[in-house]
Amino acid sequence: MSYAETVRKHRRLGILRHLEACSGYTSNASILTDVLDGVGIASTRDQIVTELTWLRENGFVTYDDNVAFVVVRATQTGVEIALGRSTHPDIQRPSPRGV
């Protein structure tokens with residue numbers, strides 16, 4: 001697995017974990033960019049939107065694409081991935097919280 005693939009898997013998990021922690025499982029692309037930067041996964045807005053598209057196509061999030069402002073919500077399946085209750089080969093499996 002390449003470094004870029006590893007970062008993509010971590011970026012997807014980071015997005016889902018942040019959404020799981022948010023009220024209503026909802027956030028926006030700009031905040032997600034800042035949050036991922038804060039945990040060491042440097043990401044451009046384009047990279048975030050690309051991953052959001054992938055996550056939506058695979059049923060982990062929903063959003064209406066309003067070009068300037070993307071508001072995204074985790075689905076139940078996305079929350080289960082974020083909590084480690086379910087897995088997907090293209091999303092990093094979370095380590096136990098607090099470890």
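See above for the structure.
Below: a short report on this structure.

The subject of this paragraph is the nonpolar core. Ile15, Leu16, Leu52, Leu55 and Ile91 are the most contacted members of the largest nonpolar core, which has 24 residues in total. Counting residues per element, the ones that place at least two in this core are α1 (3-21), α2 (29-38), α3 (45-57), β2 (61-66), β3 (69-74) and α4 (76-82). Non-local contacts of Ile15, meaning those with residues more than four positions away in its chain, are made with Leu32, Leu36, Ile48, Glu51, Leu52 and Leu55.

Bringing the environment of Leu13 into the picture now. With respect to the secondary-structure elements, Leu13 resides in helix α1. Put simply, Leu13 and Gln92 are 79 residues apart on the chain and 5.8 Å apart in space, counted from C-alpha to C-alpha.

All right, on to the sheet that holds β3 then. Strands pair in a sheet through their backbones, by hydrogen bonds, and they do so in one of two ways: parallel or antiparallel. Sheet architecture is open: three strands sit in the order β1-β3-β2, paired in antiparallel fashion. Edge positions in the sheet fall to β1 (26-28) and β2, since each has one partner strand and no second. Averaged over all pairs of adjacent strands, the angle between their axes in this sheet comes to 20°, without regard to strand direction. Of the strand pairs in this sheet, β2 and β3 are connected by six bridges, and their pairing is antiparallel. Residue pairing in the sheet places Tyr63 in a bridge with Val72 of β3.

Right, let's get into α2. Regarding α2, the residues found buried are Ala29, Leu32, Thr33 and Leu36. Projected down its long axis, α2 carries its buried residues within an arc of 105°, all on one side. In α2, the exposed residues that point more than 90 degrees away from the buried face are Asp34 and Gly38. Its side-chain oxygen 3.0 Å from the backbone nitrogen of Ser30, Asn28 forms the N-cap of α2.

Within a pair of aromatic rings, the relevant descriptors are the distance that separates the centres and the angle that separates the planes. Under the definition given, this model contains one aromatic pair. With a centroid separation of 6.1 Å and an interplanar angle of 25°, the aromatic rings of Trp54 and Phe60 are classed as stacked. When sorted by exposure, Trp54 lands in the same class as Phe60, which is buried. Over the face of the ring belonging to Trp54 we find Arg12, whose NZ or CZ atom lies 3.7 Å from the ring centre. The side chain of Arg56 reaches across the aromatic face of Tyr63, ending 4.0 Å from its centre.

What follows concerns the pairing of β3. Here β3 shows a buried face lined by Val70, Val72 and Ala74 and an unburied face lined by Phe69, Val71 and Arg73. The pairing of β1 with β3 spans three bridges and is antiparallel. Bridge pairing in β3 links Ser27 to Val72.

Direction vectors running N to C along α2 and α3 enclose 110°, while the axes themselves pass 9 Å from each other. Here α3 runs roughly perpendicular to α2, going by the angle between their axes. Facing α2, whose interface residues are Ala29, Ser30, Leu32, Thr33 and Leu36, α3 presents Arg45, Ile48, Val49 and Leu52. Considered class by class, the residues forming the contact of α2 with α3 number six nonpolar, two polar and one charged.

The rules behind the values
- Along each chain, residues carry numbers from 1 onward, in the same order as the chain's sequence is written.
- Whole-chain, interface and lining totals are the exception, using all residues; otherwise, since this is a predicted model, local features are given only for residues with pLDDT of at least 70 and side-chain atom pairs are given and counted only at 80 or more.
- Calculation of side-chain values draws on the structure's entire complement of heavy atoms; hydrogens and water are dropped beforehand.
- We call a set of buried residues a nonpolar core when its members are Ala, Val, Leu, Ile, Met, Phe, Trp, Tyr or Cys and they connect through side-chain atoms within 4.5 Å of each other.
- Here's how the labels work: a residue is buried when its accessible area is under 20% of the maximum for its type, exposed when over 50%, partly exposed in between, all with a 1.4 Å probe on protein chains only.
- Numbering goes from the N terminus for both helices and strands, where a helix is a DSSP run of H or I of at least four residues and a strand is a run of E of at least two.
- Contacts: residue pairs with any heavy atoms within 4.5 Å of one another.
- The pairing criterion is simple: DSSP has to find at least two bridges between the two strands.
- Think of each axis as a best-fit line through the C-alpha atoms, taken over the contacting stretch in the case of a helix, with angles from 0 to 180 degrees between the N-to-C directions.
- The arc under discussion is defined with respect to the helix axis, by the directions toward the C-beta atoms.
- In protein, a polar contact requires one atom able to donate a hydrogen and another able to accept it; more generally it is a pair of N or O atoms within 3.5 Å, and residues adjacent in sequence count only if both atoms are side-chain atoms.
- Here a Phe, Tyr or Trp ring, Trp counted by its six-membered ring, pairs with any other such ring whose centre lies within 6.5 Å, and the pair is stacked when the planes are under 30 degrees apart, edge-to-face when over 60, and tilted otherwise.
- Only Lys NZ and Arg CZ are tested; either one counts as a charge over a ring when it is within 6 Å of the ring centre and within 35 degrees of the ring normal.
- When describing relative orientation, an angle under 35 degrees is termed roughly parallel and one over 145 degrees roughly antiparallel, while 65 to 115 degrees is termed roughly perpendicular and anything else oblique.
- Throughout this entry, Asp, Glu, Lys and Arg are counted as charged residues, while Ala, Val, Leu, Ile, Met, Phe, Trp, Tyr, Cys and Pro are counted as nonpolar. The remaining residues, Gly among them, count as polar.

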